[in-house]
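What follows is each chain in one-letter form.
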Amino acid sequence: MPDISKTNVKPVIGCFPLYPPLELFHSMGLTPVILWGLAEKYDKTIHADQHIQNYCCGVARKMTEYILTDGEKELDALFMYNACDTLRNLPEILSCGLGDADLPMLKLHIPAARLDSDYGRNYLENEISNLIEGLEELTGHAFEMSSFRDSVSMYRLLREKLDAVNTCMANGTFGYAGTIQQLTSLNGLPVEKQIEALDAYLISQNVDSLPEKHKRIVVSGILPPPRYACEALDKAGFCVVADDTAMVGRSNGYTPDSYDSVAEYYYNFYMNHVPCSTLLHTADRKVDAIVDLVKQKKAKGFIFVGEKYCEYEYFELPYLEKKLQEAGIKVLVLEFALGDASHGAIQTRIDAFSEMLEEAP
Amino acid sequence: MSSGRRLENSAASLKKLVTDYFMHMHAEAASGKFVTWIAIIVPIELLKGFDLVVAVPENHSAMCAARGVGAVQAEKAEHKGYSMDLCSYARIDLGTWFAKGEGSPSMGMPKPDLLISNNNNCSLLVKWFDVYRRELRIPHFTLDVPFCYESQKEKDLDYIIAQFRDLISLIEEKTGQTWDEEKVREAVRLSDKANKHWKRFLDLAAHHPAGMTAFDSFVHMAPYITSYRGTQQLVEHCKLLADEAEELVNTSDFPVANEKHRLLWDNIAPWHQLRKMSTRLAELNANVICATYTSCMGTIEGHVDQYRYEHDNPLYDLARVQNFSVCPYGLELRYQAMCQQIERFDITGVIFSSNRSCKVYSVMQIDLMRNIEKRYGIPTVMIEVDHADPRQYNEEKEFMKVEAMLERSI
Ligand code: SF4
Ligand code: SF4
């Protein structure tokens, strides 16, 4: 992740978790930064450990560490919406940790149940209106629909570029480790710079140097695996034909086409979001969507990247595994925890999975 | 410590209520009644407008844990691939389901026709109930209750009421019954009465020595979190409990007569340790005289006093108390509620039970602990206890921390 304060001239709003209304923030003159992918920024979580227990997931602990260490220096505001049981307590914990630091926080509640109902839709639309009011107060700018449309176009373009990168990865022209490193490095940049960086990255593809990759896999989880594990996947000859992690595939899979208001945009955005265990109203569709994705991409294997202590993901795992196995897909479950040093064991399991896929018909 | 004869009549009443609950549940389900499984804080009173069998998986898991079969049942879910990091209530319940009730003191619960969860106690519950939805292909209605960083807002209250109406329509459609609002009004009135007695019982903690222990309250909350909420039986049980406990105070029969330490417990009851822990504490002249877990019953967010159901609109009242239990509200409100208890009951120390199963309850305890120590200068301690899985509890190690805290408070 780049040094946020150096790369931004506009005020920065740090967001968690992964699906905030980026376009809205951008249209109000802010640079939204999703506070994810911080795994390599800190070796330890000394400050976070003063506030949250070590049985919280690494994502929450690293993010807390970042906000308490560099938040005041690099961010101008924070934003969070409701997600898992760990995150919902964080706003007040962060306030305790930040003490007198001036870091305003905006919140949004995304209906977690029947978003298809009138009351669910009305609630969300009301939440978006309140958020706009909060942003107007924070930035001193009035919301403008034309700016919002421009911002949507910008993010649509970004998602198209990301899609192109994923296609290259699926074709084997980009390795998994390099792609994930590239995507991680984008976070913290303004959307315009992210697009430029992706353009440059797409030009860099070198089709001639492609190794033969026939072990097609889909990767899923909250975050992509850490770098050493991505490298191990490349080395073992896997071709990641789709990354369904919350940070990559689920975040970038959908931009609403037509809308008459910002509320309608976000209703469509959350309603039709790529299914994710953290968006409860989409969870129904998740397992089928993954099985379909695996089939559509003709993958032979599936790797579940478990974030230790992430209840949302782990609760669905047994059912997901069952459905994939019924569809004849081989499954590897890897678990990653903060500070674990089991690189060798992960490597061995990846190699064993590779052999298993080679033998598979 | 007083003899084990304390609260004898209440204990007999409790036993009868719990036995009847499980027996009737199975019998009525066998006779073809519509079975609903609900999360603990789904408003049971609202369901009294129908003729349903109502079962509460969390309550069943607590009962398994208290009867010493928590770990065995949890393992059955772990063998099916459910991670040991998931809440032990969920693992116990799922394990019991996969084993078709085997190993459970109540032989599990009858197969549901409808699942009703909510995400304000925790959103893990929604995932847990989803397992049954997929297995059984039955509807799962989730009440979405926005988390309260401050007192419940009007917009959230309206949103919850709209969901109640939707739920009522769903049950009407599934059962062919018509919701009877009058019955619900009566159930709300009865809950209000029961809450009054419950608070009367809890307030005996103000006496020196305290007239009750939080361990008593853990045990006697059972009918409250089964389908007895909103019934005359619960009113009678709570009244009996408060009367009997008052009578003991009047005769100077106290749970810890030489009480030196008056403690507050923060988190779910350690179901597998109730007797052991209360006995060991009593030997040190310490009594856990109140608990955030049981003081929240009958209140609203941030309070310990009773919230009175005084409106004629039962849906309003039931929506207003959707945040009564501790988990659905934030650090500041929890801090306020704990301060009220510390002051009212002359608390001399606080035990924070850090419970990896229940992140909603536990994550924020470090700051709560720091803030309380700073404000009151009383010792606090954090111990690691899983509420229902004894494999995640090291008695000697954790109790030593409690002993060290007690030494600091002398
Ligand atoms: S990884 Fe899971 S537990 Fe952690 S913040 Fe994300 S959703 Fe919550
Ligand atoms: S996580 Fe906590 S609130 Fe949720 S079911 Fe488990 S014990 Fe209950």
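Above this text sits the structure in question.
Residues numbered from 1 in each chain as written. Chains lettered and ligands numbered in written order. Predicted model: local features only at pLDDT ≥ 70, side-chain atom pairs only at ≥ 80, totals over all residues. Heavy atoms only, no water.

Student: Explain the overall build of chain A to me, please; I cannot follow it from the model alone.
Tutor: Assigned secondary structure in chain A consists of 14 helices and eight strands. Compactness check: chain A gives a C-alpha radius of gyration of 20 Å against a globular reference of 21 Å for 361 residues, within 12% of the reference. For chain A, the spread of C-alpha atoms along the principal axes amounts to about 60 × 45 × 40 Å. Within chain A, contacts between residues separated by at least 24 positions form 72% of all contacts whose residues are at least 6 apart in sequence. Working note: accessible area of chain A is about 14000 Å², and carbon and sulfur atoms make up 48% of it. For chain A, the centre of its 33 positive side-chain charges and the centre of its 52 negative side-chain charges are spaced 6 Å apart. (Helix = DSSP H or I, 4+ residues; strand = E, 2+ residues; numbered from the N terminus. Rg over C-alpha atoms; globule rule 2.2 N^0.38 Å. Contact = heavy atoms within 4.5 Å. Areas by Shrake-Rupley, 256 points an atom, 1.4 Å probe, with all protein chains shown as cover. Lys, Arg positive; Asp, Glu negative; His and termini not counted. Charge placed at Lys NZ, Arg CZ, Asp CG, Glu CD.)

Student: Teacher, can you tell me more about the environment of B:L14 here?
Tutor: Residue and element names in this part refer to chain B. Its location among the elements puts L14 in helix α1 (residues 8-30). Residue classification places L14 among the buried positions, given a relative accessible area of 10%. When the C-alpha atoms of L14 and N121 are compared, they prove to be 25 Å apart, with 107 residues separating the residues in sequence. (Buried < 20%, exposed > 50% of the residue type's maximum accessible area, 1.4 Å probe, protein only.)

Student: Before we go on, may I ask you to explain the site of ligand 2 in this structure?
Tutor: Contacts to ligand 2 come from B:C87, B:Y89, B:N121, B:C122, B:W128, B:I268, B:S357, B:C358, B:V360 and B:H387. Across the shell around ligand 2, the residue classes tally to seven nonpolar, three polar and no charged. (Near = heavy atom within 4 Å. Nonpolar A, V, L, I, M, F, W, Y, C, P; charged D, E, K, R; others polar.)

Student: It is not clear to me how the sheet that holds strand β8 (residues 380-384) of chain B should be interpreted in this structure. Could you clarify?
Tutor: In any sheet, the strands associate via hydrogen bonds between backbone groups, in a parallel or an antiparallel arrangement. All names here are of chain B. Pairing within the open sheet is parallel, and its four strands lie in the order β6-β5-β7-β8. This sheet does not close on itself; its edge strands, each paired only once, are β6 (286-291) and β8. Within this sheet the neighbouring strands show an average axis-to-axis angle of 30 degrees, counted without direction. (Pairing = 2+ DSSP bridges. Axes fitted to C-alpha atoms, helices over the stretch in contact; angles between N-to-C directions.)

Student: When you look at the packing of aromatic side chains in this model, what are you seeing that I'm missing?
Tutor: Two measures describe an aromatic ring pair: the distance that separates the ring centres and the angle between the ring planes. Evaluation of the coordinates by the stated rule reveals 34 aromatic pairs over all chains. Centroid distance A:F143 to A:F148: 6.0 Å. Interplanar angle 50 degrees. Geometry classified as tilted. Geometrically, the ring pair formed by B:W97 and B:Y132 is edge-to-face, given 5.6 Å between the ring centres and 80 degrees between the ring planes. Taken together, the residues B:W97 in helix α5 (residues 88-98) and B:Y132 in helix α6 (residues 124-136) connect sequence positions 35 residues apart. Among the aromatic residues, ring-to-ring pairing joins A:F143, A:F148, A:Y259, A:Y265, A:Y266, A:F269 and A:Y270 into one connected group. For the cation-ring pair, A:K308 lies above A:Y309, with the distance from its terminal atom to the ring centre recorded as 4.8 Å. (Phe/Tyr/Trp six-rings, centres within 6.5 Å; stacked < 30°, edge-to-face > 60°. Lys NZ or Arg CZ within 6 Å of the ring centre and 35° of its normal.)

Student: I keep staring at the site of ligand 1 and nothing clicks. Help me out?
Tutor: Near ligand 1 you find A:C57, A:V59, A:C84, A:L87, A:I222, A:T278, A:E307 and A:C310, and these make up its full shell. Here the residues of the shell around ligand 1 sort into six nonpolar, one polar and one charged.

Student: Looking at this structure, I do not really get the sheet that holds strand β6 (residues 238-245) of chain A. What am I missing?
Tutor: Residue and element names in this part refer to chain A. The four strands are arranged β6-β5-β7-β8 in an open sheet whose pairing can be described as parallel. Two strands bound the open sheet, and with one partner strand each, they are β6 and β8 (330-336). For this sheet, the mean angle separating the axes of adjacent strands, direction not counted, is 25 degrees. In this sheet, β6 lies alongside strand β5 (residues 215-221) in parallel orientation, the contact comprising seven bridges. Residue pairing in the sheet places V219 in a bridge with D243 of β6.

Student: Is there a simple way to explain α6(B) in this structure?
Tutor: Quick reminder: α-helices carry 3.6 residues per turn. Residues three or four places apart thus point the same way. Residue and element names in this part refer to chain B. Taking 1.5 Å of rise per residue, 13 residues should cover 18 Å, and α6 covers 19 Å from first to last C-alpha, within 8% of that figure. Burial analysis of α6 places 12 of its 13 residues in the buried class, which makes it a mostly covered element. All buried positions along α6 are accounted for by L124, L125, V126, K127, W128, F129, D130, V131, Y132, R133, R134 and L136. Directly after α6, the chain includes R137, whose backbone phi takes a positive value near 55 degrees. (Expected span 1.5 Å × (residues − 1).)

Student: How do you make sense of the pattern of salt bridges when you look at a structure like this?
Tutor: Where charged atoms from two side chains of opposite charge approach closely, those side chains can pair. Residue and element names in this part refer to chain A. Counted by the stated rule, this structure contains 55 salt bridges over all chains. In this structure, D244 engages R250 in a salt bridge whose closest nitrogen and oxygen atoms are separated by 3.4 Å. R250 carries the same exposure label as D244, and that label is buried. (Salt bridge = Lys/Arg side-chain N within 4 Å of Asp/Glu carboxyl O.)

Student: Is there a simple way to explain the interface of chain B and chain A in this structure?
Tutor: Interfaces are often sized by the accessible area lost when the parts come together. Contact residues are listed per partner, giving 53 residues for chain B and 46 residues for chain A. Across the chain B/chain A interface, buried area totals approximately 4200 Å², and carbon plus sulfur atoms make up 56% of it. Of all residues in chain B, B:K127, B:Y149 and B:K359 give up the largest surface area on contact with chain A, accounting jointly for 18% of the area buried on that side. In this structure, B:R133 engages A:D284 in a salt bridge whose closest nitrogen and oxygen atoms are separated by 2.5 Å. Applying the counting criterion to the chain B and chain A interface returns 31 residue pairs in polar contact (both at pLDDT 80 or more). Among the secondary structure elements, those contributing two or more residues to the side of chain B that touches chain A are α5, α6, β4 (140-143), α7 (154-175), α14 (331-344), α15 (359-362), α16 (365-376) and β8 of chain B. The element that contributes the greatest number of residues to the side of chain B that touches chain A is α6(B), accounting for seven residues. (Buried area = accessible area lost by both parts, 1.4 Å probe. Polar contact = N/O pair within 3.5 Å; in protein donor to acceptor, adjacent residues only side chain to side chain.)

Student: Looking at this structure, I do not really get the side chain of B:E244. What am I missing?
Tutor: Residues and elements named next belong to chain B. Here E244 shows up in helix α10 (residues 232-250). An unpaired buried charge is present at E244: no salt bridge exists, and R6, the closest side chain of opposite charge, is 8.7 Å distant. At 2.5 Å, the side chain of E244 forms a polar contact with the side chain of S10. Sequence-distant contacts of E244, defined by excluding residues within four places in its chain, comprise L7, E8, N9 and S10.

Student: I'm lost on α5(B) in this one. Help?
Tutor: Where burial is concerned, most of α5(B) is hidden: 10 out of the 11 residues are buried. Turning to α5(B), its buried residues number three or more, namely B:S88, B:Y89, B:A90, B:R91, B:I92, B:D93, B:L94, B:G95, B:T96 and B:F98. Residues of α5(B) that are buried in the fold lie against α13 (311-326) of chain A together with β1 (35-38), α3 (57-66), α4 (70-79), α6 and α12 (292-295) of chain B.

Student: What is the right way to look at the pairing of strand β7 (residues 301-307) of chain A in this model?
Tutor: The side chains of a regular strand alternate, first on one face of the sheet and then on the other. Residue and element names in this part refer to chain A. Across the seven residues of β7, seven count as buried, placing the element largely inside the fold. Side chains of β7 alternate between two faces, with G301, I303, V305 and E307 and F302, F304 and G306 buried alike. Sheet topology note: the β7/β8 ladder contains seven bridges and is parallel. Across the sheet, the residue bridging to F302 is V331, located in β8. Once you follow β7 into α13 and on to β8, the crossover reads as right-handed. (Right-handed = clockwise from strand over helix to strand, strands pointing away.)

Taken by themselves, the reported measurements are silent on function.
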